[in-house]
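In case you want the letters, here they are:
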Amino acid sequence: MLNRRMFMQTVSVAAMAERSGSLARAEDGCLASSPSPCAKKRWYRGNLHMHTLRSDGMAFAEEAAALYRRLGYDFIAFSDHNVTHDNPNRWVAVGERHLTERNYARFREQFDFPLDVKRESGKELCRLKNFEELEYLLNEREKFLIISGMELSGPAQNRHEVHVNMINTPVGHPWKSLENASANLAWTLEIRNRLMGERNPNTLTTLNHPLWRFYDIDPMDLVRETSIQFFEVANVEARPLFHAPDSFWTHDRFWDIVNAFRARQGSPLLYGLATDDTHSYDMFYGKPAFLGYVMVRSEELSIPALMRSMHGGDFYASTGLTLKDVHWNATTKTLSVEVAPEEGYEYTIQFIGTKKDFEAEPLEEVEYQAQGEMPAWWKGGVLPKRKLKRYSDSIGQVLHEVHGNQASYTLQPDDLYVRAKIFTQKGVQKEWEHPTTPIAWTQPWR
């Protein structure tokens, strides 16, 4: 049984190594534009999207954090739907909804965290710890850090879903369904401004899984809402629920459409995250599949330092592929990437960008009906239709490709930006498949 002292002292690097091959941290290094000396920075691994019993997750918050730490993570952020962990008087009944008898028994067997329990009307109830209690229980300087957050989320009146993570917010907010996704996204940012400020450097605002459920977010929404600086290029759990032609949007293509227009209008570029969006934690008790995470290069394991690095683009997203170094030289405008290779693997490094003369007008707009088996929760009788715009292949071109462990690309005068995508000889799976192929994405630079 793992008690608090053991939890604070034990980090199972072996478990993570078994899952993703290598856990070696990158050598000290920093972006040329970073204000801090390279020697003061190191890589930290984190997950910024996960759910607990506060909403629809199937684990106590302390259990979820402990499982991530077992895998070698340095920080996590809770992001329950429309709530944070501020209420100290929230009780849940064993055997109802997400706290199943099996999960409760497993928690009590695996962990020795203190737990307040009472019986009412023949039911056993457990109190959920608030964030202050969780900080005391879990945080350890330079070893593990938890961050408060919420996922402000729900459907619009036209059944398009809008999910936005607010990382390092102290309180939650109820959802309000408006006429469409664009209206709900604008409303969400108004709530963000009220709770955290429009551009608070110690917070993150993330658009989550834009293709889920059915192409619900238009890339032009993010061209317009430029205060959103982060989105999920990979979300392990919330994969699209239908199979659409690649010539429409993949997450990568969505990213390039947004950044092509943002770069042209001089707005901040959009950064990409990989997350788990964890609800079920069963895989942590067996041999887990590849997970989605960010590797952040920071001076220290603290919220201000991590946020500073992420707002500065000094991080990469991954589903299991480790980079030894990422370097942007602001003087020469050169992006360099070096992989931490695993034996038996070959690597492809693609530098992706868009030229200044890209074709901005959509080639066509078509009505596409989702294909595949209708989800049980979809009550409409038939799978929905979406109006999709097809954009020119001049957006998101492969500017340079190298088969090997390291490569670099210098921004050309007609380039708007460049980012790197790295994958193995296994290739890149389709958007609706579980990400068993390790991939890494750097941030875009210009």
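In the block above lies the structure referred to throughout.
The sections below set out a description of the structure shown in this document. (Residues numbered from 1 in each chain as written. Predicted model: local features only at pLDDT ≥ 70, side-chain atom pairs only at ≥ 80, totals over all residues. Heavy atoms only, no water.)

Bringing the overall build of the protein chain into the picture now. When its secondary structure is counted, the protein chain shows nine helices and 23 strands. Relative to its full complement of 446 residues, the protein chain shows a buried share of 59%. Considering only contacts in the protein chain between residues 6 or more positions apart, those separated by 24 or more positions represent 73%. (Helix = DSSP H or I, 4+ residues; strand = E, 2+ residues; numbered from the N terminus. Buried < 20%, exposed > 50% of the residue type's maximum accessible area, 1.4 Å probe, protein only. Contact = heavy atoms within 4.5 Å.)

Buried residues dominate helix H3 (residues 61-70), accounting for nine of its 10 residues. A positive backbone phi angle near 90 degrees is found at Gly72, which sits one or two residues after H3.

Quick look at the nonpolar core now. Ranked by size, the top nonpolar core spans 56 residues in total, and within it Phe60, Phe78, Ile146, Leu323, Phe351 and Ile422 carry the most contacts. Core analysis: the second largest hydrophobic core is formed by 47 residues, Leu270, Leu416, Phe423 and Ile439 among them. (Core = buried A, V, L, I, M, F, W, Y, C linked by side-chain atoms within 4.5 Å.)

In this structure, the amide linkage connecting Trp212 to the following residue, Arg213, adopts the cis form with an omega of 5 degrees. On the secondary structure map, Arg213 appears in the loop between strand E10 (204-207) and helix H7 (219-224). The phi angle at Asn82 is positive, at roughly 65 degrees, despite the residue not being glycine. In this structure, Arg97 takes a positive phi of about 50 degrees despite not being glycine.

Among the secondary structure elements, Val366 is positioned in strand E18 (residues 364-369). Remark: the alpha-carbon pair of Val366 and Lys385, spanning 19 residues in sequence, is separated by 10.0 Å. The residues contacting Val366, other than those within four sequence positions of it, are Phe248, Arg386, Lys387 and Leu388.

With that settled, consider the sheet that holds strand E8 (residues 149-155). Spatial strand order, E3-E8-E9-E10-E11-E12: six strands in an open sheet with mixed pairing. Lying at the two open borders of the sheet, with one neighbouring strand each, are strand E3 (80-81) and strand E12 (271-275). Alignment of E10 against strand E11 (residues 230-235), held across two bridges, turns out to be parallel. Considered in E11, the bridge of Thr206 is made with Phe230. Contacting E8, strand E9 (161-167) and E10, helix H6 (residues 181-195) runs over the sheet at an angle of about 15 degrees to E9. (Pairing = 2+ DSSP bridges. Axes fitted to C-alpha atoms, helices over the stretch in contact; angles between N-to-C directions.)

This paragraph deals with empty space enclosed by the protein. Applying the stated criterion across every chain, the model contains two cavities of 30 Å³ or more. Taken as a whole, the second largest cavity holds about 50 Å³ of empty space. For the second largest cavity, the full set of lining residues is Thr52, Leu53, Arg54, Ala59, Phe60, Ala61, Glu62, His85, Leu128, Lys129 and Leu134. By residue class, the composition of the lining of the second largest cavity is six nonpolar, two polar and three charged. (1 Å grid on protein atoms, 1.4 Å probe; cavity = no way out; pocket = protein on both sides within 12 Å on 5 of 7 lines; lining within 4 Å. Points joined across faces, edges and corners; volume = space filled by probe spheres on them. Nonpolar A, V, L, I, M, F, W, Y, C, P; charged D, E, K, R; others polar.)

Looking now at the packing of aromatic side chains. Scanning the entire structure with this criterion turns up 19 aromatic pairs. Taking the centre distance of 5.8 Å and the plane angle of 65 degrees together, the rings of Phe230 and Tyr271 count as edge-to-face. Of the two residues, Phe230 sits in strand E11 while Tyr271 sits in strand E12, which places them 41 residues apart along the sequence. As far as the burial class goes, Phe230 and Tyr271 line up, both buried. By way of ring pairs, the aromatic residues Tyr68, Tyr73, Tyr281, Phe284 and Tyr293 are connected into one cluster. The side chain of Arg45 reaches across the aromatic face of Tyr293, ending 4.1 Å from its centre. (Phe/Tyr/Trp six-rings, centres within 6.5 Å; stacked < 30°, edge-to-face > 60°. Lys NZ or Arg CZ within 6 Å of the ring centre and 35° of its normal.)

Turning to the sheet that holds strand E15 (residues 323-329), a few remarks are in order. The strand order E15-E16-E21 describes an open sheet built from three strands, whose pairing is antiparallel. Each edge of the open sheet carries a strand with a single partner, namely E15 and strand E21 (406-410). Direction aside, the axes of adjacent strands within the sheet are offset by 10 degrees on average. Here E15 pairs with strand E16 (residues 334-339) via six bridges, running antiparallel.

Further remarks concern the environment of Asp221. With respect to the element layout, Asp221 can be found in helix H7. A sequence separation of 36 residues divides Asp221 from Leu185, and the C-alpha atoms of the two residues are 8.0 Å apart. Leave out the neighbours within four places in its chain, and Asp221 touches Ser182 and Leu185. Within the structure, the side chain of Asp221 is placed 2.7 Å from the side chain of Ser182, a separation counted as a polar contact. (Polar contact = N/O pair within 3.5 Å; in protein donor to acceptor, adjacent residues only side chain to side chain.)

Running from N to C, H3 and helix H5 (residues 131-138) point in directions that differ by 35 degrees, and their axes come no closer than 11 Å. By crossing handedness, the relation of H3 to H5 is classed as right-handed. Across from Ala61, Glu62, Ala65 and Arg69 in H3, the residues of H5 making contact are Leu134, Leu137 and Leu138. Looking at side-chain class alone, the contact of H3 with H5 contains five nonpolar, no polar and two charged residues. (Left-handed = near helix turned anticlockwise from the far one by under 90°.)

Mapped onto the elements of the fold, Thr52 is located in the loop between strand E1 (42-47) and H3. Exposure remark for Thr52: the relative accessible area of 1% places this residue in the buried category. For the pair Thr52 and Ala64, spaced 12 residues apart in sequence, the C-alpha separation works out to 7.2 Å.

Attention now goes to the pattern of salt bridges. Counted by the stated rule, this structure contains 27 salt bridges. Of the charged contacts, one joins Asp415 and Lys355 as a salt bridge, the two residues approaching to 2.6 Å between their closest N and O atoms. Of this pair, Asp415 sits in strand E22 (residues 415-424) while Lys355 sits in strand E17 (residues 347-355), placing them 60 residues apart in sequence. Asp415 gets classed as buried once you look at its relative accessible area, which sits at 4%. Sharing partners across several salt bridges, the network here consists of Lys41, Arg297, Asp314 and Asp325. (Salt bridge = Lys/Arg side-chain N within 4 Å of Asp/Glu carboxyl O.)

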